[in-house]
Each structure stands twice: as structure tokens, then as C-alpha cells.
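So you can see what is in the structure, the chains are spelled out below.
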Amino acid sequence: MSLPPVFLSALKDLLGPKGWTEDAEKRAEAATPWRGTYRGETPLVARPASTEEAAALVRLCAQHRVAITPQGGNTGLVDGGTPHGEICVSMIRMSALRGVDALNNSMTIEAGATLIRAQTVAEEAGRLFPLSLGSEGTATIGGLISTNAGGVAVLRYGMMRDLILGLEVVLPSGEVWDGLSGLRKNNTGYDLKHLFAGAEGTLGLVTAATLKLFPRVESAAAWVVCASAEHVVRLLAAVQEKAGDSVTSFEMIPANAVEMVAADIPSTRDPLPSNAAWRVLIEISQPTANHARTLLEAALEAAAEAGLIEDAVIAASEAQAKSFWHIRESIPLSKRAYGTALNQDISVPVSRIPVFIEACNGAVRSILPQADFVIFGHVGDGNLHYSVVEPAGAAAPQLKAAEAAITRVIFDTVMAHGGSISAEHGVGRLKRDELARLRPAAATETMRAIKRALDPLNIMNPGRVVSI
């Protein structure tokens, strides 16, 4: 993992004393993702402070054939941004706001800015940047673009790629593509920004982005109890029939996840205790809170008349709405109380969610009969976070020994139901080989051709997304 002395000396001269570190603790931090489920290694963490520095750094790496792993907030979940021998290029010093155009509903911001910073900038301009997810205080714009992040508002606003107007990217050669633009219509050939959204740093280093903003809205939230997954899916259709595209979020939560969070966080409780299997968190957004609440009330009344809900409560205050969301957002951390868990980020067509859950649970239990599950997610876009957890009361851990077989059967069941084995977390190293097995060969070969064309030296995050 040693670096050529000539390269190392040139890098230090280029970036200055604030632009690099070989400190063992800082290197270990960069090589350990937030969940700590695996560890990488890196000889050095580089921290360019400008696009010019980033471009010169990439040119230097190309000259010396030194591989790069770009890194944002290190909140990834698929081993995409964790260095494994490459130098780590942290974008945290590139966090400047380059401009806001409120009349054009756009802003330009650098890749190292956190999501919460982008949200705050939009709010200060009287606008909304709608991407929202649990790690928004740490996750960075560059990382969110590179993984094509989703979150809880995809139903209304789309994935991260849908929120991008333009990008600035350092290509593997060190050349800078300045594609920053506030245009919504630009039909002049290949839409290059979509090559880099979701590429996980394998095709270039994202340094800045022009992002879409939206008018600010007020919301109304409800906590709903449903008897079955089938009722949950039908409830979504009923709410959309009344509220249209103002349905911002529609989160499916199993009763055991609520119990798990309540046990882990003593101040938390189920807003509507029930023996029913599912809870749903619904949020509707409108220009005024009263309008949003009126729409939500009408939708829930219609759903109740159709027999789709067991109980429901609309948040009477912002604090109560936040308490609903606190339960949902606490699930990933509280799930650690189960010990070992096999976590998958998958998607299936919304209509297939109930039959998929039944089929997949059955397939997993054919391997591990006492397996337990925590299944939650964004029903409106078909994205489920499907976790198999250690059997309750097991005398000894059982899940690890069956991990490979369980993962294979989950992925095969997803594909059998017309789904994807990565909905919003990306591919990284963890899902690269399985995707090569499952997706059409033509898709894999096309990806390899793009990678070879743009990065012939294979220095940009090698071994992620697709092998070459």
C-alpha cells in the first residue's frame, strides 16, 4: 500500500498541509463506514479545496497509475466509498455554495456540502430542496449524486438524479467537464450528467452540482394501522386517488419494528397500539397546512369506508408529526438490538409487494426456519428495506452460517417478481458480482464499455459497480 515517493511529494506540494493526511487514526476513520460492518485501508487521505486542485490531483494519479476512491460523508451501505488500498479523496473541504437563483428554482453547490446544508440554503431562499433521508446531517451532495440516493420523498420528487440540472466533474484524465447549468430543456445530445449519477465515482469525481429547487410547502402527517400488506398497497392507491401527486411520503412499518424502537428508545411509543401487523406513515404536502390536512382527512375517510384501515390519527402539531417520523427514522439504528442482521435494499413493483413479502419470507424460512424479519420502506416507489434478523431466543448465532444461501434466495425472489436488488443504496463492491449474474449480459458489457472508454487506466474507484 506504499505510494511512489515522487508521487507522494508532488501530492503534498499540490494540496498543501491542509490537503492531505497520513495520520493512522484519520486513515482508519476514512476506511471504516458508519456501520462498521467491514473495514478497508488507505495509505493517504487527500482533501482538495477546489476544482482546480481536484483536477490536478486526478491528473497526478493518472500519471503515476495511483487509484482513487472518492468519499463524501462515508455513510454508504454497499462498500462503494470505502478505500481498499486506493488513496481516499475526501471532498469535505469543497462545500461552498456557488449561487442560488430563486426565480429559476435552482442552486449550485459543491460536492462536499452536506444535505442538511443544501436544505437550509433552499429554505433561506424561500424554496425547498426535497431530498430527505436519515443521514442528511452527514451525507454529502457528491455522495448522494454518486449513489443516486432516494429517501422518503421519492414518491413526489423523484430520486437524486431527478433533482440534478447540471454537474461539474473531474474526468479520469484530469480534464474538467463543466456541465453546470440551470436549464431544464437542453436537448443537445447525450445527457452526460446521468452517466455520473449513480456511477459511484467510477467514471469521474463530482465536484459541484446545480440542483432543482421547489416552492415551499406545508404538510400533514398521519399514522395509520393496517391489517395486511395488501391493505397497505390498496391504501396507497386510495390516498393517491384523493390527493394525487401531493402524497409526498408513504412509509410502511411493521409492528415488530415499532416495538423494537420503543424498547431501544424508552421515550418512544406506538401512537396507536394494536395487534395489527402494519403501520403506515403518510405525509401530504400542499401550499397550506389546512389544505394538506383536509386532503388527508378525506383520503383516510374513504379508506376507512373501504375497510383498508384499522385505525388512524392525523398529527395535531408539528411536534407530533416529528414523533411519527422519529419512529420511522430510528429503525435502522434500533435494529442493531437484534444482533446480526442481513440487510437488503430492494424494490419490486408496488402491486407485487404483498406477494413478494410472502414468497421471500417463505423462501428464507426454507433455509432458516426460525428466521425473523424487519421489513419496512417506501411503499410509494416499491422500495423495501428487507432485513433477516437472528432468530429470537436462538442458543447460538445461526444467521452468519446461512448468509450466502439466504442472500441468493432473496435476490432470486426479487428478480422473479420483476424487481431490483438495489433500489437506492447503490452497488459498490457488495452487490457487483450478484448483479453481473442477474442482469442481462448486454447491460454489463455496455457498462464495461463505458468504464473502459472514460477510465482506460481503471484508477477511478476500481472494482465498484462493474468489474473490468
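Residues numbered from 1 in each chain as written. Predicted model: local features only at pLDDT ≥ 70, side-chain atom pairs only at ≥ 80, totals over all residues. Heavy atoms only, no water.

Asks: Give me the lowdown on the nonpolar core, citing residues and values where you can.
Replies: Counting residues in hydrophobic clusters, the biggest one holds 57 residues, and the most contacted among them are Leu235, Ile282, Tyr386, Val388 and Ile410. Looking at this core element by element, the count peaks at 8 residues for helix 8 (residues 229–243). With sequence-adjacent residues up to four places away left out, Leu235 is seen in contact with Val224, Cys226, Phe250, Val280, Ile282, Ala303, Leu308 and Ile309. If you look at the next biggest cluster of nonpolar residues, it comprises 56 residues, including Leu15, Leu44, Leu131 and Leu144. (Core = buried A, V, L, I, M, F, W, Y, C linked by side-chain atoms within 4.5 Å. Buried < 20%, exposed > 50% of the residue type's maximum accessible area, 1.4 Å probe, protein only. Helix = DSSP H or I, 4+ residues; strand = E, 2+ residues; numbered from the N terminus. Contact = heavy atoms within 4.5 Å.)

Asks: A description of the packing of aromatic side chains should follow, citing residues and the corresponding values.
Replies: Each aromatic ring pair is summarised here by two numbers: the centre-to-centre distance and the angle between the ring planes. Scanning the entire structure with this criterion turns up 5 aromatic pairs. Seen from their ring centres, Tyr157 and Phe214 are 4.9 Å apart, and the 65 degrees between their planes marks the pair as edge-to-face. Taken together, the residues span a long stretch of sequence, with Tyr157 in helix 6 (residues 154–157) and Phe214 in strand 11 (residues 214–215) at a distance of 57 residues. The exposure class assigned to Tyr157 is buried, which follows from its relative accessible area of 11%. A relative accessible area of 22% means that Phe214 is categorised as partly exposed. Ring centres 5.9 Å apart and planes at 65 degrees place the aromatic pair Phe356 and Tyr386 in the edge-to-face group. (Phe/Tyr/Trp six-rings, centres within 6.5 Å; stacked < 30°, edge-to-face > 60°.)

Asks: Can you break down the packing of helix 8 against helix 10 (residues 289–305) residue by residue, with the values?
Replies: In contact at an axis separation of 9 Å, helix 8 and helix 10 are set at 135 degrees when each is read in the N-to-C sense. Considering their axes alone, helix 8 and helix 10 lie oblique with respect to each other. Here helix 8 and helix 10 pass one another in a crossing that is right-handed. On helix 10, the residues touching Leu235, Val239, Lys242 and Ala243 of helix 8 are Leu295, Ala298, Ala299, Ala302 and Ala303. (Axes fitted to C-alpha atoms, helices over the stretch in contact; angles between N-to-C directions. Parallel < 35°, antiparallel > 145°, perpendicular 65-115°, else oblique. Left-handed = near helix turned anticlockwise from the far one by under 90°.)

Asks: How would you sum up the environment of Thr248? Please name residues and give values.
Replies: Residue placement: Thr248 occurs in strand 13 (residues 247–254). Each C-alpha atom, one on Thr248 and one on Ala302, is 19 Å from the other, the two residues being 54 residues apart in sequence.

Asks: Break down the sheet that holds strand 3 (residues 68–71) for me, citing the residues and quoting the values.
Replies: The sheet built from 4 strands is open, its strands ordered 1-2-4-3 with mixed pairing. Strand pairing shows two members of the sheet lacking a second neighbour, strand 1 (20–21) and strand 3, which therefore form its edges. Relative to strand 4 (residues 87–90), strand 3 is paired through 4 bridges, and the arrangement is parallel. Paired with Thr69 across the strands is Cys88, a residue of strand 4. (Pairing = 2+ DSSP bridges.)

Asks: I'd like a description of the sheet that holds strand 17 (residues 372–378), backed by residues and values.
Replies: One open sheet holds the 7 strands; their spatial order is 15-12-14-13-17-18-16, and the pairing between them is antiparallel. The sheet is open, and its two edges are formed by strand 15 (311–314) and strand 16 (341–347), each paired on a single side. Averaged over all adjacent pairs, the angle separating strand axes in this sheet is 15 degrees, with direction ignored. Relative to strand 17, strand 13 is paired through 2 bridges, and the arrangement is antiparallel. Residue pairing in the sheet places Met252 in a bridge with Gly377 of strand 17. In this fold helix 10 packs onto strand 12 (218–226), strand 14 (278–286) and strand 15, with an angle of close to 20 degrees to the strand it touches most, strand 12. Helix-sheet contacts for helix 13 (residues 403–416) involve strand 16 and strand 18 (383–389), and the interaxial angle to strand 16 is about 15 degrees.

Asks: How would you explain helix 11 (residues 318–334) if you had to name every residue and give the values?
Replies: Side chains three or four residues apart in an α-helix point the same way, a direct result of the helix having 3.6 residues per turn. If you check helix 11, its first and last C-alpha atoms are 23 Å apart, about what 17 residues at 1.5 Å a residue would give, namely 24 Å. For helix 11, the complete set of buried residues consists of Ala321, Phe324, Trp325, Ile327, Arg328, Ser330, Ile331 and Ser334. (Expected span 1.5 Å × (residues − 1).)

Asks: An account of a nonpolar patch on the surface is needed here, citing residue identities and associated values.
Replies: On the surface, Tyr190, Leu192, Leu195, Ile450 and Leu454 cluster together to form a nonpolar patch covering roughly 450 Å² of accessible area. For Leu195, the position within the fold is in helix 7 (residues 193–196). The partly exposed category is assigned to Leu195, whose relative accessible area is 31%. (Patch = residues over 30% accessible without salt bridge, like charges linked within 9 Å, V, L, I, M, F, W, Y side chains within 5 Å. Areas by Shrake-Rupley, 256 points an atom, 1.4 Å probe, with all protein chains shown as cover. Salt bridge = Lys/Arg side-chain N within 4 Å of Asp/Glu carboxyl O.)

Asks: Requested: an account of helix 10, with residues and values cited.
Replies: Taking 1.5 Å per residue, 17 residues should reach 24 Å; helix 10 reaches 24 Å between its end C-alpha atoms and fits that length. For helix 10, the full list of buried residues reads Ala292, Leu295, Leu296, Ala299, Leu300 and Ala303. Viewed end-on, helix 10 has its buried residues packed into an arc of 130 degrees, placing them on one side of the element. Among the exposed residues of helix 10, those pointing more than 90 degrees away from its buried face are Asn290, Glu301 and Glu305. The positive-phi residue at the C-terminal boundary of helix 10 is Gly307, with phi of around 75 degrees. (Arc of directions from axis to C-beta.)

Asks: Give me the lowdown on the pattern of salt bridges, citing residues and values where you can.
Replies: This model, assessed by the stated rule, comprises 19 salt bridges. In this structure, Arg464 and Glu86 form a salt bridge, with 2.7 Å as the shortest nitrogen-oxygen distance. Highlighted residues: Arg464 in the segment after helix 15 (441–454) and Glu86 in the loop between strand 3 and strand 4, separated in sequence by 378 residues. Under the relative-accessibility criterion, Glu86 is labelled buried at 6%. Bridged by salt links that share partners, the residues Arg408, Asp412, Glu434 and Arg437 form one connected network.

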